[in-house]
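Chain and residue survey
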Amino acid sequence: MKILTFLILCFASVALADDFKAIDGKEYKNVTVSRVEPDGIVLMSSSGISKVYFTELPKEVQERFHYDAAQAATYSAEQASSQEAFQNQQAELRRKLAEEKNRYWTAREPGKKQQDKVPARAPAAVAGRGQQVEVISHGAPVDIAKHLALGNVTVVDFYADWCGPCKQLSPSLEQMARTDPEIALRKIDIVNWNTAVVKQFNIHSIPHVNVYNRGGRLVGSVVGANAAEVKRYVAQAKTGG
């Protein structure tokens, strides 16, 4: 209830365009506070959305938004618990799907033995990039090395369904992957700012795009809806980075 009251009060204090400076010197210019959470503020600009934690901001900003360390800790714990429950639910779903798939192929085993007597055709060549566009995580941690299209350029897009600038950038990235056989697009849905994948890759702003070269080395990162900058890194990655 305290957290709910806190959020209601802070929503009422959301201002128009403003400037913020973190204690490490990083500046956020001409941004709008779109949401205040117990542990930080969500800033929105024309190029993207960022979350800045109160622990990264000066004391006067903390006081302005009524930061309370105890409430922040409770909120973070609640978010972590919700995310853990979601991940457990997804793991259980994957387990059930695997069981159903195993039962399906077990039931087809007699027919498969008959087919084994017929010489098999040579398999068609599979593109090294795998799928053109693939969502590889919904908030859960991910081993990015397993999803890189080695031999091709891999573009990794960190996004969220509620992020407007992400939706603006997404069509350009998907068009690149669908029209260029040398590019693979891997999308990571951060879900919210408290998920494991956000902490794993230290994501503070979205859209956030990483570009990897043919050998799997990170060539560059683009923060914000800047398709031209992504294309520049892709061109660099194609030539070896």
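Data block above holds the structure.
Numbers given for residues are sequential positions, taken from 1 along each chain in its written order. Predicted model: local features are reported for residues with pLDDT of at least 70 only, side-chain atom pairs are reported and counted for 80 or more only, and whole-chain, interface and lining totals are derived from all residues. Only hydrogens and water are set aside; all other atoms, that is, all heavy atoms of the structure, feed into the side-chain values.

**Examining the nonpolar core**
Side chains that are nonpolar tend, in soluble globular proteins, to be buried together. Selection criterion: For our purposes a nonpolar core is just a set of buried Ala, Val, Leu, Ile, Met, Phe, Trp, Tyr and Cys residues, chained together by side-chain atoms within 4.5 Å. For each residue, the accessible area found with a 1.4 Å probe, counting protein chains only, is set against the maximum for its type, and the residue is called buried under 20%, exposed over 50%, and partly exposed in between. Secondary structure follows DSSP: runs of H or I at least 4 residues long count as helices, runs of E at least 2 residues long count as strands, and numbering of each begins at the N terminus. Residues count as neighbours in contact if any of their non-hydrogen atoms are within 4.5 Å of one another.
Judged by nonpolar contacts, the single largest core of 21 residues is most densely connected at Ile144, Phe158, Ile188, Ile190, Trp193 and Ile206. Contributing elements (two or more residues each) for this core: strand E4 (49-53), strand E6 (153-159) and helix H6 (196-201). Tallying contributions element by element places E6 first for this core, with three residues. Other than its neighbours up to four places away in sequence, Ile144 contacts Ile136, Val156, Ile188, Phe201 and Tyr212.

**A few points about the pattern of salt bridges**
Here is the rule: Here a salt bridge means any side-chain nitrogen of Lys or Arg lying within 4 Å of a carboxyl oxygen belonging to Asp or Glu.
With the rule as written, the count across this model stands at 10 salt bridges. Linking Lys51 and Asp39 is a salt bridge whose minimum nitrogen-to-oxygen distance equals 2.8 Å. Linking Lys51 in strand E4 with Asp39 in the loop between strand E2 (27-37) and strand E3 (40-44), this pair joins segments that are 12 residues apart in sequence. Judged by relative accessible area, which is 6%, Asp39 ranks as buried. When the shortest N-O distance is used, the salt bridge between Arg232 and Glu229 registers 2.8 Å. Highlighted residues: Arg232 and Glu229, both in helix H7 (residues 227-238), separated by three residues, approximately one helical turn. Overall, Arg232 belongs to the partly exposed group, its relative accessible area being 43%.

**With respect to H7**
Quick reminder of the rule: For a helix, the expected span equals 1.5 Å multiplied by the number of residues minus one. Here, the arc refers to the directions that run from the helix axis to the C-beta atoms.
When the terminal C-alpha atoms of H7 are compared, their 16 Å separation across 12 residues agrees well with the 16 Å that a helix rising 1.5 Å per residue should span. Among all positions of H7, only Ala227, Val230, Tyr233, Val234 and Ala237 are buried. Along the axis of H7, the buried positions cluster into a sector of 120 degrees, meaning they face one direction only. Taken together, the buried residues of H7 touch E6, helix H5 (164-179), strand E7 (183-189), strand E9 (208-212) and strand E10 (218-223).

**A short note on the sheet that holds E10**
Neighbouring strands of a sheet are bound in pairs by backbone hydrogen bonds; such pairs are parallel or else antiparallel. Convention followed: Two strands make a pair as long as DSSP finds a minimum of two bridges between them. Note on method: axes are straight lines fitted to C-alpha atoms, helices fitted across the in-contact stretch only, with angles between N-to-C directions ranging 0 to 180 degrees.
Spatial strand order, E5-E7-E6-E9-E10: five strands in an open sheet with mixed pairing. Edge strands, defined here as strands with exactly one partner in the open sheet, are strand E5 (133-138) and E10. Sheet twist, expressed as the average angle between the axes of neighbouring strands with direction ignored, equals 20 degrees. Sheet topology places E9 next to E10; five bridges connect them, and they run antiparallel. Across the sheet, Tyr212 pairs through a bridge with Leu218, a residue of E10. The strands that H5 touches are E5, E6, E7 and E9; relative to E7, the one it contacts most, it runs at about 150 degrees.

Any functional reading would require information beyond the geometric quantities listed.
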